Amino acid sequence: MTVSGSGAIDIRGVMAALPHRFPMLLVDRVEDLVVDDRIVAIKAVTINEPFFAGHFPGRPIMPGVLIVEALAQAAGILAVQSLGLAGSGKLVYFMAIDGAKFRTPVEPGVLLRLEVCFVQKRATVCKFRGRAMLGDKLAAEASFTAMIADPPAN
């Protein structure tokens, strides 16, 4: 699956781009992807998420670390599409998180919009800036770095 210019990607395309699976797949669809530039993806946050059982009973809130992971997965899709990695077996590994800030709690029943753009793009290391939005309200933001590498040997 390849997106040229801008376009949407359904869950099958997301799963083709990322190795993640339930319960760690945190991107449900891509609304817009501009190769070499940016991505807008969606995470539908439901009460059925396994982490809500313990975070927190009586007041379910999506853990901040999982919001950042969702941003990183959106960035992974952007990198796979922009660097032509689909079907290559290469993985996009999280290397660093900088300036993570959490502004608004993310509760079940919302659509979390994941907006990520390239800050720097190279063949083996990419830098991104991301924002997680609830409508027009900022839920979280972070800058992060990822590396492109072969999967670990068995």
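Residues numbered from 1 in each chain as written. Predicted model: local features only at pLDDT ≥ 70, side-chain atom pairs only at ≥ 80, totals over all residues. Heavy atoms only, no water.

1. Thoughts on the overall build of the protein chain
Each helix and strand counted, the protein chain has two helices and six strands in total. When the elements of the protein chain are put in sequence order from the N terminus, they spell out α-β-β-α-β-β-β-β. For 154 residues, the compact-globule formula gives about 15 Å, and the C-alpha radius of gyration of the protein chain, at 15 Å, lands near that figure. Sorting the 154 residues of the protein chain into buried and exposed places 42% on the buried side. A separation threshold of at least 6 residues defines the contact pool for the protein chain, and within that pool the share at least 24 residues apart is 63%. Carbon together with sulfur atoms contributes 55% to the accessible area of the protein chain, which is approximately 7800 Å² in total. Taken as two groups, the 16 positive and 14 negative side-chain charges of the protein chain have centres that lie 3 Å from each other. (Helix = DSSP H or I, 4+ residues; strand = E, 2+ residues; numbered from the N terminus. Rg over C-alpha atoms; globule rule 2.2 N^0.38 Å. Buried < 20%, exposed > 50% of the residue type's maximum accessible area, 1.4 Å probe, protein only. Contact = heavy atoms within 4.5 Å. Areas by Shrake-Rupley, 256 points an atom, 1.4 Å probe, with all protein chains shown as cover. Lys, Arg positive; Asp, Glu negative; His and termini not counted. Charge placed at Lys NZ, Arg CZ, Asp CG, Glu CD.)

2. Points about the pairing of strand S4 (residues 110-121)
As paired elements, strand S2 (residues 38-45) and S4 share eight bridges and run antiparallel to each other. Bridging across to S4, Ala41 finds its partner in Leu114. As judged from the eight bridges shared by S4 and strand S5 (residues 125-134), these two strands associate in the antiparallel manner. Of the residues in S5, the one forming a bridge with Leu114 is Ala132. Adjacent in sequence and paired antiparallel, S4 and S5 are bridged by three residues. (Pairing = 2+ DSSP bridges.)

3. Remarks on the state of the cysteines
Overall, the coordinates contain zero disulfides when judged by the stated rule. The cysteine Cys117 is free of any disulfide, with Cys126 supplying the nearest cysteine sulfur at 12 Å. Overall, the relative accessible area of 22% leaves Cys117 in the partly exposed class. (Disulfide = S-S within 2.5 Å.)

4. So, the side chain of Thr104
One can find Thr104 in the loop between strand S3 (91-102) and S4. What makes Thr104 buried here is its relative accessible area of 16%. Of note is the side chain of Thr104, whose polar atom sits 3.1 Å from the backbone oxygen of Leu138. When neighbours within four sequence positions are excluded, Thr104 is seen to be in contact with Leu134, Lys137, Leu138 and Ala139. (Polar contact = N/O pair within 3.5 Å; in protein donor to acceptor, adjacent residues only side chain to side chain.)

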